[in-house]
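A look at the structure
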Amino acid sequence: MTQSTIAVPGASRTRRPRAATSLSRSSGLGLGIALTWFSLLVLIPLCLIVVQASKGGWGIYAETLSNPQTAAALKLTVGQSLLVTAVNVVFGTLIAWVLVRDEFPGKRVLEVIIDIPFALPTIVAGLVLLSLYGPESPLGVNVANTEWSVFLALLFVTLPFIVRTVEPVLLELESDVEEAAASLGASRSTTFWRIILPSLVPAITAGAALSFARGISEYGSLVLLSGNLPFETEVASVRILTYIEGGNEAAAAAVASLLLVVALIAIVVLDLVSRAVARRG
């Protein structure tokens, strides 16, 4: 006597579809080439800097940071870069807003002038700043060999970052959304804080990260105007060059790796701020 089997609905196992990938063969090849190129240009040099700094162990970091001149250079570099980034966030966003939302004579000229720090060699920028704010200033403003010279030089080379990251977002921001909020009774301040700002914050933080990273690494625009005075106007990039010229490559790599860590921390903090503001909006 044969025993009949009863098929129970759902008892049979269904095969799960394999996870689909969006990468085709050509896309995978392109990704591999891009990662290889990125590694050669960025990842491998960064790793070599860390390796070079680690040869002396933690002692090289302690010795480098305990040097008063190096500590003063790092403090000045990070402090001025933070200050310049804060100024750029306000005025860079304001300039981008005016360029997108308003029409006025000379607007096209201003668009071109904003990009000049991108195209101008940094040493030429330093010469321009020295001519304008040096001992023979036509404006009667001499800030050479002072902390103000560091601030002005960093401000000159970093302003376009905020403007050029915020401007495209403002161009894509539909005015219909603001009009709808106004029709529902929202005030201008409410519309700005709840609708416009959350849309702009990712671009603002991205520009701020670029501005800060450029500030802590700047060299060319500073050397002529600041005078590179120890404990006064010497920045970290000049200190790194001094270590290299003195044959102390381990100390130079230690300072460079410290700046790298500071830049990464700033990027992470700005990303967290961007996410928090976006959630509130």
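Chains are numbered independently. Their residues run from 1 in the order of the written sequence. Owing to the predicted nature of the model, reporting of local features is limited to residues with pLDDT of at least 70; listing and counting of side-chain atom pairs is limited to 80 or more, with chain, interface and lining totals taken over all residues. The side-chain numbers reported here are obtained from all heavy atoms of the structure, hydrogens and water having been left aside.

1. As for the overall build of the protein
For the protein, the count of helices and strands is 12 helices and 0 strands. Throughout this description, buried means an accessible area under 20% of the type-specific maximum (1.4 Å probe, protein chains only), exposed means over 50%, and partly exposed covers the range between. Going through the 281 residues of the protein one by one, you find that 33% of them count as buried. Put simply, DSSP H or I for four residues or longer makes a helix, DSSP E for two residues or longer makes a strand, and each gets a number counted from the N terminus.

2. Here's the deal with the environment of Leu-200
Counting through the fold element by element, Leu-200 comes out in helix 9 (residues 188-217). On the basis of relative accessibility, which here comes to 1%, the residue Leu-200 falls in the buried class. When the C-alpha positions of Leu-200 and Pro-168 are compared, they lie 9.9 Å apart, and in sequence the two are 32 residues distant. Contacts were defined at the residue level, with two residues in contact if any of their heavy atoms lie within 4.5 Å. Contact partners of Leu-200, with chain neighbours within four places excluded, come to Val-166, Val-169 and Leu-170.

3. Concerning the pattern of salt bridges
Only one rule defines a salt bridge in this text: a Lys or Arg side-chain nitrogen within 4 Å of an Asp or Glu carboxyl oxygen. Here the structure, examined in full by the defined rule, presents 6 salt bridges. Measuring nitrogen to oxygen at the nearest pair gives 2.9 Å for the salt bridge that ties Arg-275 to Asp-271. With a gap of 4 residues between them, Arg-275 and Asp-271 both fall in helix 12 (residues 249-280), about one helical turn apart. Looking at Asp-271, the relative accessible area reads 35%, which means it is partly exposed. When salt bridges with common partners are traced through the structure, they connect Glu-111, Asp-115, Arg-164 and Glu-167 into a single cluster.

4. Looking at the confidence of the model for the protein
Do not read the fine detail of predicted coordinates wherever pLDDT is low. Known as pLDDT, the predictor's confidence for each residue is given on a scale from 0 to 100. Chain-level statistics for the protein give a pLDDT mean of 80 and a share of 82% at 70 or above. Across the protein, the element-wise mean pLDDT spans from 68 in helix 8 (residues 175-183) up to 92 in helix 3 (residues 68-101). Taken as a whole, residues 1-13 scores under 50 in pLDDT and shows 0 contacts with residues more than four places along the chain or in a different chain.

5. Looking at helix 6 (residues 122-133)
Along an α-helix, a turn takes 3.6 residues, which lines up residues three or four apart on a common side. Each helix should span, by expectation, one fewer than its residue count multiplied by 1.5 Å. For helix 6, with 12 residues, the first-to-last C-alpha span of 16 Å sits near the 16 Å given by 1.5 Å per residue. In this structure, the buried residues of helix 6 make contact with helix 7 (147-172) and helix 10 (223-226).

6. A word on unusual backbone geometry
Although it is not a glycine, Asn-145 adopts a positive phi angle of roughly 65°. Assignment of secondary structure puts Asn-145 in the loop between helix 6 and helix 7. Phi angles above zero are rare outside glycine, and Asn-228 is one such case at about 55°. Tracing the backbone through its elements, the reader meets Asn-228 in the loop between helix 10 and helix 11 (236-245).

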